[in-house]
Amino acid sequence: MYNLIKKKQLNNPIFLVLILLIVSCSNNSIKLNELKGSVNFKNSKLTLKEYIVDSTSNKFTFEVESYKLGNQTEKTHVPNLANSDKGQHIHLITNNGPYSAHYESEFEKYIEEKNSIILAFLSRSYHESVKNKNAYVLMQTGEKYNLNNEYIFYSRPKGKYSGNAAEKILLDFYLVNTEISKEGNRVRVTINDQEFMIYKWVPYYIEGLQKGETTIKLELLNNNNKLVETEFNPTTRTIKID
C-alpha cells in the first residue's frame with residue numbers, strides 16, 4: 001500500500017511541483033544582504049610614512065588621521081557581527097592572502113616574498129573596511145606588479161564562526177582603481193555554488209550558512225560578465241561554521 005501511494009504521488013503533477021519547490025528553497029537558503037548603518041569615516045586617512053626592510057622583518061610606520069585605532073566602532077543595524085575587542089585597526093594584506101590586523105600605527109611584519117604587492121586599509125572593529133580614496137595604501141616590494149591595474153582584494157569572512165556570530169557573517173572586499181555598477185564592472189560572489197551579482201561597493205552580510213565548511217569565491221567581471229584580467233582574480237576562500 002505504501003509503495004502504491006508513493007507511485008500515485010509521483011504521478012501527481014502538483015506533488016512534483018511541491019517537491020521541486022522544496023528542493024529549490026533548500027538549495028537557495030543562503031542570503032546576501034547589504035549591511036547598512038555603518039559610521040561614515042569619509043575624512044579618515046591612512047598614509048605610509050616609512051617602510052624599512054631588514055633581514056628578519058619589514059617595519060611599517062603609518063600616519064592615521066581622523067580615525068582612532070583601538071576604539072570600538074559604533075554598531076550597525078545588524079547585531080552580533082564578529083567584532084575585535086581590541087577595537088579599530090589596520091588590515092594588511094600581502095599578495096591577496098589572509099589579512100593581518102594591526103592596532104597601532106607602527107608595527108613589524110615579515111614579508112616572505114621579495115616581489116609582493118601589499119594593501120593596507122583602515123578597518124572598523126567589526127572588520128568592515130573604510131572605503132574612501134584616502135583610507136588605503138597600495139605598494140609593492142619589487143617591480144613585479146602594475147599598481148595602476150584594477151584590483152579586487154578579499155578581506156572577510158575569515159576563519160571560524162560559532163554561536164551568534166555565525167548567524168550573520170560580514171562579506172567585505174577592497175577595490176582599487178576600479179568601480180562597480182550595473183553599467184560597468186561588477187563582482188560575482190559564489191557561496192557554496194550559489195551565485196550573487198554585486199553592483200555596489202558596500203559591505204554585505206551572509207545568512208543561512210550551515211555547519212561545516214563554506215567556500216566563497218569573488219570574481220571581478222566587466223560589463224559583459226567576463227573575468228577582468230588582473231592578478232588575484234578570481235579568489236576563493238574557505239571558512240568554517242561550528
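Cut-off values and rules
- Residues numbered from 1 in each chain as written.
- Predicted model: local features only at pLDDT ≥ 70, side-chain atom pairs only at ≥ 80, totals over all residues.
- Heavy atoms only, no water.
- Helix = DSSP H or I, 4+ residues; strand = E, 2+ residues; numbered from the N terminus.
- Contact = heavy atoms within 4.5 Å.
- Areas by Shrake-Rupley, 256 points an atom, 1.4 Å probe, with all protein chains shown as cover.
- Salt bridge = Lys/Arg side-chain N within 4 Å of Asp/Glu carboxyl O.
- Buried < 20%, exposed > 50% of the residue type's maximum accessible area, 1.4 Å probe, protein only.
- Pairing = 2+ DSSP bridges.
- Axes fitted to C-alpha atoms, helices over the stretch in contact; angles between N-to-C directions.
- Core = buried A, V, L, I, M, F, W, Y, C linked by side-chain atoms within 4.5 Å.
- pLDDT = per-residue confidence, 0-100.

**Student:** Could you give me a rundown of the overall build of the protein chain, with the residues and numbers involved?
**Tutor:** Looking only at helices and strands, one finds two helices and 16 strands in the protein chain. Of the contacts formed within the protein chain by residues at least 6 apart in sequence, a portion of 66% connects residues at least 24 apart. Summed over all atoms, the accessible surface of the protein chain reaches about 13500 Å², with 47% contributed by carbon and sulfur.

**Student:** Can you explain the pattern of salt bridges? Please cite residues and give values.
**Tutor:** All chains considered together, the criterion is met by seven salt bridges. The salt bridge involving R124 is made with E128; its shortest N-O contact spans 3.2 Å. The two residues R124 and E128 agree in class, both being buried. Connected via shared salt-bridge partners are R188, K217 and E219.

**Student:** Tell me about the sheet that holds strand β1 (residues 31-34), residues and numbers included.
**Tutor:** Read from one edge to the other, the open sheet built from four strands follows the order β1-β14-β11-β9, with strand pairing classed as antiparallel. Looking at the sheet topology across the chains shown, the edges are occupied by β1 and β9 (151-156). Averaged over neighbouring strand pairs, the angle between their axes works out to 30 degrees when direction is ignored. Relative to strand β14 (residues 204-207), β1 is paired through four bridges, and the arrangement is antiparallel. Bridging from a neighbouring strand, K31 pairs with E207 of β14.

**Student:** Quick one: what's the story with the nonpolar core, residue by residue and with numbers?
**Tutor:** Counting 27 residues, the largest nonpolar core has F62, L119 and F153 as the members making the most contacts within it. A per-element tally of this core places strand β7 (residues 117-123) first, with six residues. With sequence-adjacent residues up to four places away left out, L119 is seen in contact with H91, L92, I93, Y136, V137, L138, F153, Y174 and V176. Judged by nonpolar contacts, the second largest core, of 26 residues, contains Y154, L175, I191 and I206.

**Student:** Which residues make up the confidence of the model for the protein chain, and what values go with them?
**Tutor:** Mean pLDDT over the protein chain stands at 91; residues scoring 70 or higher make up 88%. In the predicted structure, residues 1-5 sits below a pLDDT of 50 and forms zero contacts with residues beyond four places in sequence or in another chain. Across residues 19-26 the pLDDT falls below 50, and counting only partners more than four positions away or on other chains, this stretch makes zero contacts in the model.

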